[in-house]
Structures are given as C-alpha cells and as structure tokens.
Amino acid sequence: MTVLDWRNLPTARVAPLYEAEEARWRRDLSWDARSTWRIVEDARRAGELPGYALVGASGAVEGWTFFLVHGDTLQIGALTAREARGVRRLLDEVMQAPEASLAQRVS
C-alpha cells in the first residue's frame, strides 16, 4: 500500500470517498453531512487541509483521513480504511506529519 498526500488527488478520486461516508452517516446516524463534505473538499482543493489516501496495488483508494491542528490539539477526521492495518498506517503517517509536532493532544 502506498500513502499519498490527498491534496494532490483529483476531485474525481476523492468524491466517492465523501459519498460513501455521507451514506454511512445518513444510514447510521441520521445526519445529513453534505455541507460538511463540501467544506472539507474546498479546503482540500485549496491545499489548506492536510490528509492522506491509502492506495492499494490495484490503484484503488483503500483508506483515507484528514487532519488539522486547532490550538494545541491535533484533530483527526474521517480515519477509515478497508482493513485495520490500513487504519494503523494512516494513523502513523498523521502522527509523523510536520503539523502533528505542533500539537500536545490528539482528538
């Protein structure tokens, strides 16, 4: 598996990730998160929201996450992958990111 900076991915590769999360949030939580994902995508495209995509040998995105530092807290969002080892790999990448060194807590 390869970890890529998700800010470099075209919107067409990221849109299905949002769609799957939106459907899950609607089904499991009864939340309409469409406006949330639009804000996330706008920040990603602008290069202002760091994150990673985990890409398998087939080229398919098998996991993803984004993160930011707010105050002294590293906030991790949408940490998801098809397998537990993918979640761990993404989490390791986030914790090694330059932004993470600015934080004293993780959320």
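Below you will find a few notes about this structure. (Residues numbered from 1 in each chain as written. Predicted model: local features only at pLDDT ≥ 70, side-chain atom pairs only at ≥ 80, totals over all residues. Heavy atoms only, no water.)

Quick word on the overall build of the protein
When helices and strands are counted, the protein shows 3 helices and 5 strands. Listing every helix and strand of the protein by position from the N terminus yields β-α-α-β-β-β-α-β. For the protein, whose C-alpha radius of gyration is 13 Å, the value lies close to the compact-globule estimate of 13 Å for 107 residues. Judged by the C-alpha coordinates and their principal axes, the protein covers about 35 × 30 × 25 Å. Considering the protein as a whole, with its 107 residues, one finds that 36% of them fall into the buried category. On the protein, roughly 6,400 Å² of surface is accessible, and the fraction owed to carbon and sulfur atoms is 50%. Here the protein contributes 14 positively and 15 negatively charged side chains, and the mean placements of these two sets differ by 3 Å. (Helix = DSSP H or I, 4+ residues; strand = E, 2+ residues; numbered from the N terminus. Rg over C-alpha atoms; globule rule 2.2 N^0.38 Å. Buried < 20%, exposed > 50% of the residue type's maximum accessible area, 1.4 Å probe, protein only. Areas by Shrake-Rupley, 256 points an atom, 1.4 Å probe, with all protein chains shown as cover. Lys, Arg positive; Asp, Glu negative; His and termini not counted. Charge placed at Lys NZ, Arg CZ, Asp CG, Glu CD.)

A short note on the pattern of salt bridges
Following the criterion strictly, the structure yields 13 salt bridges and no others. Across the pair Asp28 and Arg27 runs a salt bridge, and its minimum N-O distance is 2.9 Å. Between Arg45 and Asp42 there is a salt bridge, with the nearest N and O atoms lying 3.3 Å from each other. Of this pair, Arg45 and Asp42 both sit in helix 2 (residues 34–45), separated by 3 residues, roughly a single helical turn. (Salt bridge = Lys/Arg side-chain N within 4 Å of Asp/Glu carboxyl O.)

With respect to helix 3 (residues 84–96)
In this model helix 3 runs 19 Å from its N-terminal to its C-terminal C-alpha over 13 residues, within 8% of the 18 Å that 1.5 Å per residue would give. Gly86, Leu90 and Val94 are the residues of helix 3 that are buried. Buried positions in helix 3, seen along its axis, are confined to an arc of 75° and lie on one side of it. Every exposed residue of helix 3 that faces more than 90 degrees away from the buried side is listed here: Ala84, Arg85, Arg88 and Gln96. Buried residues in helix 3 make contact with strand 2 (51–55), strand 3 (61–70) and strand 4 (73–81). (Expected span 1.5 Å × (residues − 1). Arc of directions from axis to C-beta. Contact = heavy atoms within 4.5 Å.)

Considering the side chain of Glu41
Relative to the assigned elements, Glu41 resides in helix 2. Judged by relative accessible area, Glu41 falls into the buried class, the value being 7%. In terms of polar contacts, Glu41 uses its side chain to reach the side chain of Thr11, at 3.0 Å. Of the polar contacts made by the side chain of Glu41, one reaches the side chain of Arg44; its length is 2.7 Å. (Polar contact = N/O pair within 3.5 Å; in protein donor to acceptor, adjacent residues only side chain to side chain.)

A look at the sheet that holds strand 1 (residues 2–5)
What the 5 strands build is an open sheet, ordered 1-2-3-4-5; its pairing is mixed. Each edge of the sheet is formed by a strand with only one pairing partner; in this case those strands are strand 1 and strand 5 (105–106). In the sheet, strand 3 pairs with strand 4 via 7 bridges, with the strands oriented antiparallel. Considered in strand 4, the bridge of Phe66 is made with Gly77. (Pairing = 2+ DSSP bridges.)

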